[in-house]
Amino acid sequence: MTSLEVAAVYVAVNMLLLIYLALRVVSVRQSARVSVGTGGNETLELRTRVHGNATEYIPAMLVGLVVAAMMGLPAWAIHVGGGLFTLGRVMHMIGMGGNILPLRAGGILLSWITMILVAGALLYHAFA
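Asks: Outline unusual backbone geometry, listing residues and values.
Replies: Although it is not a glycine, Asn99 sits at a positive phi angle of roughly 55 degrees. Note on placement: Asn99 falls in the loop between helix 3 (75–97) and helix 4 (101–127). Judged by its relative accessible area of 71%, Asn99 falls in the exposed class.

Now the structure itself:
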């Protein structure tokens, strides 16, 4: 696979993760009959926050992966960045949804570290 094809895999997987999280929100909205906001429903509030958190991080990282691939970073580097980031997002989702603080914290830490590494690689390759 080329670097761009590898990046496309992580773009697709993370897009599907966002859709999955959105469907979880919609299912509670429908059952609780809450169209806007959370209506005081704790489950809806939590699922909305889990989805919101994912939408705060995933798009920037996916742009970074695609740009890194377009700049010529090797496929293995894109796999490392995309794989670790995606693992971090899944860990965070499970940890936040199940109130498992170590998994939630580990997931966000893994996401942040991966984003920093990809950002560093982008800056390095832009100026090297």
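Having seen the structure, we can now continue with the description.
Asks: For the environment of Ala8, give the residues involved together with the corresponding values.
Replies: Checked against the element boundaries, Ala8 lands in helix 1 (residues 3–32). When its relative accessible area of 43% is taken as the criterion, Ala8 is described as partly exposed. Counting along the chain gives 22 residues from Ala8 to Gln30, while the straight-line C-alpha distance between them is 33 Å.

Asks: I'd love a proper account of the nonpolar core, names of residues and values included.
Replies: What tends to happen in soluble globular proteins is that the nonpolar side chains get buried as a cluster. Counting 26 residues, the largest nonpolar core has Leu21, Ile58, Leu65 and Ile78 as the members making the most contacts within it. Looking at this core, the elements that each hand over two or more residues are helix 1, helix 2 (42–70), helix 3 and helix 4. The element contributing the most residues to this core is helix 2, with nine residues. Leu21 has contacts with Val50, His51, Ala54 and Met93, leaving out every residue within four places of it along the chain.

Asks: Outline helix 2, supporting the account with residue identities and numerical values.
Replies: In this model helix 2 runs 43 Å from its N-terminal to its C-terminal C-alpha over 29 residues, within 8% of the 42 Å that 1.5 Å per residue would give. When the local axis directions of helix 2 are compared, the greatest deviation, roughly 25 degrees, occurs at Ile58, which is followed within four positions by the proline Pro59. Sitting at the head of helix 2, Asn41 places a side-chain oxygen 3.0 Å from the backbone nitrogen of Thr43. Once helix 2 ends, the next one or two residues include Gly72, with phi positive near 100 degrees.

Asks: Before we move on, can you summarise the pattern of salt bridges with the specific residues and values?
Replies: All chains considered together, the criterion is met by one salt bridge. Salt-bridge contacts for Glu56 lead to Arg49; the nearest nitrogen and oxygen are separated by 2.6 Å.

Asks: A description of the environment of Ile116 should follow, citing residues and the corresponding values.
Replies: Within the fold, Ile116 resides in helix 4. Residue classification places Ile116 among the exposed positions, given a relative accessible area of 59%. Along the primary structure Ile116 and Met61 are separated by 55 residues, whereas in three dimensions their C-alpha atoms are 9.7 Å apart.

Asks: Now, about a nonpolar patch on the surface: what can you tell me, with residues and values included?
Replies: On the surface, Leu109, Trp112, Ile113, Ile116 and Leu117 cluster together to form a nonpolar patch covering roughly 520 Å² of accessible area. The topology assignment puts Leu109 in helix 4. Here Leu109 falls in the partly exposed class, since its relative accessible area comes to 47%.

Reading the values: the criteria
Residues numbered from 1 in each chain as written. Predicted model: local features only at pLDDT ≥ 70, side-chain atom pairs only at ≥ 80, totals over all residues. Heavy atoms only, no water. Helix = DSSP H or I, 4+ residues; strand = E, 2+ residues; numbered from the N terminus. Buried < 20%, exposed > 50% of the residue type's maximum accessible area, 1.4 Å probe, protein only. Core = buried A, V, L, I, M, F, W, Y, C linked by side-chain atoms within 4.5 Å. Contact = heavy atoms within 4.5 Å. Expected span 1.5 Å × (residues − 1). Bend = angle between axes of the 7 residues up to and from the residue. Polar contact = N/O pair within 3.5 Å; in protein donor to acceptor, adjacent residues only side chain to side chain. Salt bridge = Lys/Arg side-chain N within 4 Å of Asp/Glu carboxyl O. Patch = residues over 30% accessible without salt bridge, like charges linked within 9 Å, V, L, I, M, F, W, Y side chains within 5 Å. Areas by Shrake-Rupley, 256 points an atom, 1.4 Å probe, with all protein chains shown as cover.

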